[in-house]
Amino acid sequence: MLTRLFLQTSIWLVAIAALLFLPAGKIAWPEAWIYLIIIGGIGTAAGLWFARHDPSLLRERLASPFQAGQPAWDEVILLLFFAFYLASFVVMSLDATQWRTSHMPVWAEVAGAVSILASYAIIWRVLAENSFAAPVVKVQEERGQRIVTTGPYAIVRHPMYGAAIFFLLGTPLLLGSFYGLALAPPLLMLLAVRAILEERTLADRFPEYAAYVKRTKYRLAPGVW
């Protein structure tokens, strides 16, 4: 499993690096290197931690985002999300290094890095609390899945999607692209739609989910939605 972790992490880093550096036409881009170090370092560290403390969860997280028995709507949403997400790196690269239409202040880039780190901290806490956090929408009957209502789940019903807000806003800030910042809302909208449809699946399979919804009123952001 560790071999798969390192292989998938390496492939992902190479892919993101290509989407950033090839359109830029250079590798002398400090913000991009900082971004790659953050996602590569934390991703590897988190993988090693879960390999020791919750290998079943890590095995789920390393599985394909497209699986047999996955709802068709989930496949469509993920396909749209990944396509738009990957394309956003090309836009951010061109904006920050070629078009130079964005002039991001240093404090905003620092805020972006902090936001990304905050998102990883939340995600780590979410995964530590919920061993059933698979990358696809499914009910893991073979693992005795239950509804998790503690930790971050006592605050919002989809804390990992909530963490994505920090990540999707922090990335263009760090990379210095206002165009990238403008592309974040459509990605968040896809996650919002997925959250709604995912809740329908959980409500159908777990009778206790309705009580959880009444008790925990917000989906992604406390006091907002």
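A. Looking closely at the overall build of the chain. Assigned secondary structure in the chain consists of eight helices and zero strands. Taking 225 residues into account, the globule formula puts the C-alpha radius of gyration at 17 Å, and the chain, at 18 Å, falls close to it. Dimensions of the chain, computed from the C-alpha atoms along their principal axes, are close to 55 × 40 × 30 Å. In the chain, which comprises 225 residues, the proportion classed as buried is 45%. Expressed as a percentage of contacts within the chain between residues at least 6 apart in sequence, the contacts between residues at least 24 apart total 79%. Surface exposure of the chain reaches about 11400 Å², of which carbon and sulfur atoms provide 69%.

B. Summary view of the packing of helix α2 (residues 30-53) against helix α6 (residues 159-175). At a minimum axis separation of 8 Å, α2 and α6 run at an interaxial angle of 145 degrees. Of α6, the residues touching α2 (which contributes Glu31, Ala32, Ile34, Tyr35, Ile38 and Ile39) are Phe167, Thr171, Leu174 and Leu175. Taken together, the residues of the contact of α2 with α6 sort by class into eight nonpolar, one polar and one charged.

C. How the structure looks around the pattern of salt bridges. Considering all chains together, one arrives at five salt bridges under this definition. Notably, a salt bridge pairs Lys138 with Glu60, separated by 3.1 Å at the nearest N-O pair. In this pair, Lys138 sits in the loop between α5 (106-129) and α6 while Glu60 sits in helix α3 (residues 55-61), placing the two residues 78 residues apart along the sequence. The class for Lys138 is partly exposed, based on a relative accessible area of 26%.

D. Fine view of empty space enclosed by the protein. Here the structure, examined in full by the defined rule, presents one cavity of 30 Å³ or more. Mapped by element, the contributors of at least two residues to the lining of the largest cavity are α4 (72-99), α6 and α7 (178-205). Residues belonging to the lining of the largest cavity are distributed by class as follows: eight nonpolar, three polar and no charged.

E. Molecular detail of the side chain of Gln67. You can see Gln67 is positioned in the loop between α3 and α4. The class for Gln67 is buried, based on a relative accessible area of 17%. A distance of 2.8 Å separates the side chain of Gln67 from the backbone oxygen of Ser64, its partner in a polar contact. Setting aside chain neighbours within four positions, we find Gln67 in contact with Glu75, Pro135, Val136 and Lys138.

F. Spatial organisation of the layout of surface pockets. Each pocket or cavity is described by its volume, and for the second largest pocket that value is around 170 Å³. Every residue lining the second largest pocket is listed: Ile122, Pro152, Ile155, Val156, Pro159, Gly162, Ala163, Ile165, Phe166, Leu220, Ala221 and Pro222. Of all the elements, α6 adds the most residues to the lining of the second largest pocket, at five residues. By residue class, the composition of the lining of the second largest pocket is 11 nonpolar, one polar and no charged.

G. Expanded view of the nonpolar core. If you look at the biggest cluster of nonpolar residues, it comprises 34 residues, and the most contacted ones within it are Tyr35 and Leu168. Those elements that place two or more of their residues in this core are α1 (2-24), α2, α4, α5, α6 and α7. Excluding residues that lie within four positions of it along the chain, Leu168 makes contacts with Phe81, Tyr85, Ala184, Leu187, Leu188 and Leu191. Grouped together as the second largest cluster of nonpolar side chains are 19 residues, Val139, Ile147, Leu202 and Tyr212 included.

H. Quick peek at the packing of α4 against α7. Two numbers describe how α4 lies on α7: the axes approach to 9 Å, and their chain directions differ by 170 degrees. Looking at the two axes, α4 sits roughly antiparallel to α7. The interaxial crossing formed by α4 with α7 has left-handed handedness. When grouped by side-chain class, the residues that make up the contact of α4 with α7 number 19 nonpolar, three polar and four charged.

Quick notes on the rules
Residues numbered from 1 in each chain as written. Predicted model: local features only at pLDDT ≥ 70, side-chain atom pairs only at ≥ 80, totals over all residues. Heavy atoms only, no water. Helix = DSSP H or I, 4+ residues; strand = E, 2+ residues; numbered from the N terminus. Rg over C-alpha atoms; globule rule 2.2 N^0.38 Å. Buried < 20%, exposed > 50% of the residue type's maximum accessible area, 1.4 Å probe, protein only. Contact = heavy atoms within 4.5 Å. Areas by Shrake-Rupley, 256 points an atom, 1.4 Å probe, with all protein chains shown as cover. Axes fitted to C-alpha atoms, helices over the stretch in contact; angles between N-to-C directions. Nonpolar A, V, L, I, M, F, W, Y, C, P; charged D, E, K, R; others polar. Salt bridge = Lys/Arg side-chain N within 4 Å of Asp/Glu carboxyl O. 1 Å grid on protein atoms, 1.4 Å probe; cavity = no way out; pocket = protein on both sides within 12 Å on 5 of 7 lines; lining within 4 Å. Points joined across faces, edges and corners; volume = space filled by probe spheres on them. Polar contact = N/O pair within 3.5 Å; in protein donor to acceptor, adjacent residues only side chain to side chain. Core = buried A, V, L, I, M, F, W, Y, C linked by side-chain atoms within 4.5 Å. Parallel < 35°, antiparallel > 145°, perpendicular 65-115°, else oblique. Left-handed = near helix turned anticlockwise from the far one by under 90°.

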